[in-house]
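# Tertiary structure, described
Here is how the chains run, residue by residue.
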Amino acid sequence: MERILVFILVILYFISTDIACNGHTHINNNVQYEQKALIDFKNGLTDPNNRLSSWTGNNYCYWHGIGCENGTGFVVSIDLRNPYPYPLENEYGNQSYMNLSGVISHSLIKIKYLKYLDLSFNSFKAITIPQFFGSMKNLIYLNLSHCGFIGEIPSNLGNLSNLQYLDFSSKYTYHNDFGYSSDLFIQNIEWMTSLVSLKHLSANNVNLSMVGSQWIEVLNKLPMLIELHLHHCNLFGSIPSPSFVNFTSLSVIVISSNGFNSTFPEWLLNVSSLVSIDMSLNILHGRIPLGLGELPNLQHLDLFGNYLEGNISQLLRKSWKKIEFLNLGENDLHGSIPSSIGNFCNLQYLYLSFNNLNGSLPEIVNGTETWNSKSPLPNLRELNLEYNQLMGKLPNWLGELKNLRRLGLSHNKLEGLIPTSLCTSQRKESLYLEWNELNGSLPNCIGLH
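Residues numbered from 1 in each chain as written. Predicted model: local features only at pLDDT ≥ 70, side-chain atom pairs only at ≥ 80, totals over all residues. Heavy atoms only, no water.

When its secondary structure is counted, the protein chain shows 3 helices and 30 strands. Split into buried and exposed, the 449 residues of the protein chain put 49% on the buried side. A separation threshold of at least 6 residues defines the contact pool for the protein chain, and within that pool the share at least 24 residues apart is 63%. If you sum the accessible surface of the protein chain, you get close to 21,600 Å²; carbon and sulfur atoms cover 52% of it. (Helix = DSSP H or I, 4+ residues; strand = E, 2+ residues; numbered from the N terminus. Buried < 20%, exposed > 50% of the residue type's maximum accessible area, 1.4 Å probe, protein only. Contact = heavy atoms within 4.5 Å. Areas by Shrake-Rupley, 256 points an atom, 1.4 Å probe, with all protein chains shown as cover.)

On to the sheet that holds strand β30 (residues 437-439), then. As a general point, the strands of a sheet are linked pairwise by backbone hydrogen bonds and lie either parallel or antiparallel. Reading across from one edge, β26-β28-β30 is the order of the 3 strands in this open sheet, with parallel pairing throughout. Where the open sheet ends on each side, the last strands, each with one partner, are β26 (391-392) and β30. Pairing geometry for β26 and strand β28 (residues 413-417), over 2 bridges, is parallel. If you follow M391 over to β28, its bridge partner there is K413. (Pairing = 2+ DSSP bridges.)

This next bit is on the state of the cysteines. Taken as a whole, this structure holds 1 disulfide when the rule is applied. With its sulfur 2.2 Å from that of its partner, C61 forms a disulfide with C68. On the S-S bond that ties C61 to C68, the torsion sits near -105°, and the link is left-handed. (Disulfide = S-S within 2.5 Å.)

Let us now look at the environment of G416. In this fold, G416 is placed in strand β28. Since its relative accessible area comes to 12%, G416 is described here as buried. Taking the C-alpha atoms as reference points, G416 and L394, 22 residues apart in sequence, are found 7.5 Å from one another. When near neighbours in sequence (up to four residues on either side) are disregarded, G416 contacts E437, L438 and N439.

For the structure on display, the rule yields 14 aromatic pairs. Summarising the aromatic geometry, the rings of F41 and W55 are spaced 6.3 Å apart at their centres and angled 45° between planes, so their arrangement reads as tilted. You can see F41 sitting in helix α1 (residues 2-43) and its partner W55 sitting in the loop between β1 (45-46) and β2 (66-68), a full 14 residues away along the chain. With relative accessibility at 0%, the residue F41 sits in the buried group. Classification of W55 by relative accessible area gives buried; the value is 2%. (Phe/Tyr/Trp six-rings, centres within 6.5 Å; stacked < 30°, edge-to-face > 60°.)

What the 4 strands build is an open sheet, ordered β18-β20-β22-β24; its pairing is parallel. Each end of this open sheet is capped by a strand with a single partner; those strands are β18 (285-287) and β24 (356-357). In terms of strand pairing, strand β20 (residues 307-311) meets strand β22 (residues 332-335) through 3 bridges, oriented parallel. Residue pairing across strands places E309 opposite D332, the latter belonging to β22.

Locating N162 in the fold gives a position in the loop between β7 (151-152) and β8 (165-167). Remark: the alpha-carbon pair of N162 and M136, spanning 26 residues in sequence, is separated by 9.9 Å. If sequence neighbours within four positions are ignored, N162 has contacts with K137, N138, L139, I140 and S197. A distance of 2.9 Å separates a polar atom in the side chain of N162 from the backbone oxygen of K137. (Polar contact = N/O pair within 3.5 Å; in protein donor to acceptor, adjacent residues only side chain to side chain.)

Further remarks concern the pattern of salt bridges. Tallying each qualifying case throughout the model produces 2 salt bridges. Among the salt bridges present, the one from D40 reaches K36, with a minimum N-O distance of 3.0 Å. Placement of both D40 and K36 in helix α1 is noted, with a separation of 4 residues, approximately one turn of the helix. When its relative accessible area of 24% is taken as the criterion, D40 is described as partly exposed. The partner of E386 in a salt bridge is R406, and the shortest N-O contact between them spans 3.5 Å. Pair noted here: E386 is in the loop between β25 (382-384) and β26 and R406 is in strand β27 (residues 406-408), with a separation of 20 residues, a long-range link. (Salt bridge = Lys/Arg side-chain N within 4 Å of Asp/Glu carboxyl O.)

Attention now moves to the environment of F132. Turning to its location among the elements, F132 is positioned in the loop between β5 (116-118) and β6 (141-143). Look at F132 and you get buried, because its relative accessible area is 9%. Residues F132 and S107 lie 25 residues apart in sequence; the distance between their C-alpha atoms is 9.7 Å. With residues up to four places along the chain from it excluded, the contact list for F132 reads I104, S105, H106, L108 and I109.

If you look at the biggest cluster of nonpolar residues, it comprises 112 residues, and the most contacted ones within it are F133, F168 and W215. Secondary-structure elements contributing two or more residues to this core are α1, β3 (75-79), α2 (214-219) and α3 (312-315). A per-element tally of this core places α2 first, with 4 residues. The contact partners of F168, leaving out residues within four places of it in the chain, are I129, L144, S145, I153, L184, I186, W191, M192, L201, S202, A203 and V206. (Core = buried A, V, L, I, M, F, W, Y, C linked by side-chain atoms within 4.5 Å.)

So, in structure tokens, the structure goes:
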């Protein structure tokens, strides 16, 4: 019996040793395979600043931009984002000096466990987005923004069912004073319905004119979508209402600088998760819904540059619980600013310029007792009320805004003396009072603007 037991133990030892060796050999083979794939990828790139100079030797997990999985050593991330995407931030004074360019080798598809790929702000000019990206099915994060790609965005990106972050925002070139030509376009957006894990989608400056109104129904089928960025996408016409609002997680929607000729899409008032809405620079018309002021999580609202109407007194009497940024400038608002504005303790930026506001500014504003603060609007940094029909005297509370840096009151009908209380804020950088009916001498602390 003892001999049999010893024999079994010996057999088990050899089996386990063989498995361990074969497993180790398998990992080693994959490591060598991935290393060669990375070298082939590097060889296709033009790298004038030698950003990839560390890509030598066997330990590629220490190469610049490469991330590996602990234990196996498999490559799981490639981050080659241009570190100086904007010329002003570039110590070399030339963005192109830091750009990678050239061709993107098909060898990347051999890196089977890749989850994160960022090539943003490089210059892959005059080439299309590689079709093989749609076969990299483990990708969770794909950022191809501002890379200079051209042509149609491949529909087989819809195969990436694990993808959570997708950004293919394009650069664009102005060709005259009235429009621009976009380098990237989508003809049919239906393939996006397969991106069932998607949380972030950015397609800024991508031409979606051929998609029509289909975009809203397609994106409404992505239940996990949190952020949607469609700035400057050649979208026109009305903003359709989905048959059933499925945007249960949507936090950010940016559809600015398009050609939407529509009333405000009131179905958004049913999306309580919204934190930020940007619909600036469209052709929106009709009334601004009062319900916007009751969205429980809204922090940022930008409706600048439309044709929207409304009574500012009614709008600002809503709770606006968490609002930090409110831009209703260049619309068709009327009425006077209510004292309840002082209740917005989180408000940092308020822009109401280029409207038809009238009446006088409130003599006092609420909020100092509510928020246990000695000054009203304790977080307000910028207040712009220029180009309206405001009358009356400047109230003292304007000088009590302790964090105010910019105050714009020009091109109104304000009168009387400029209160010395405007001198109390040491943070003030800009003060615009021209084109009013103010009189008297300027306080010593104020220079002309």
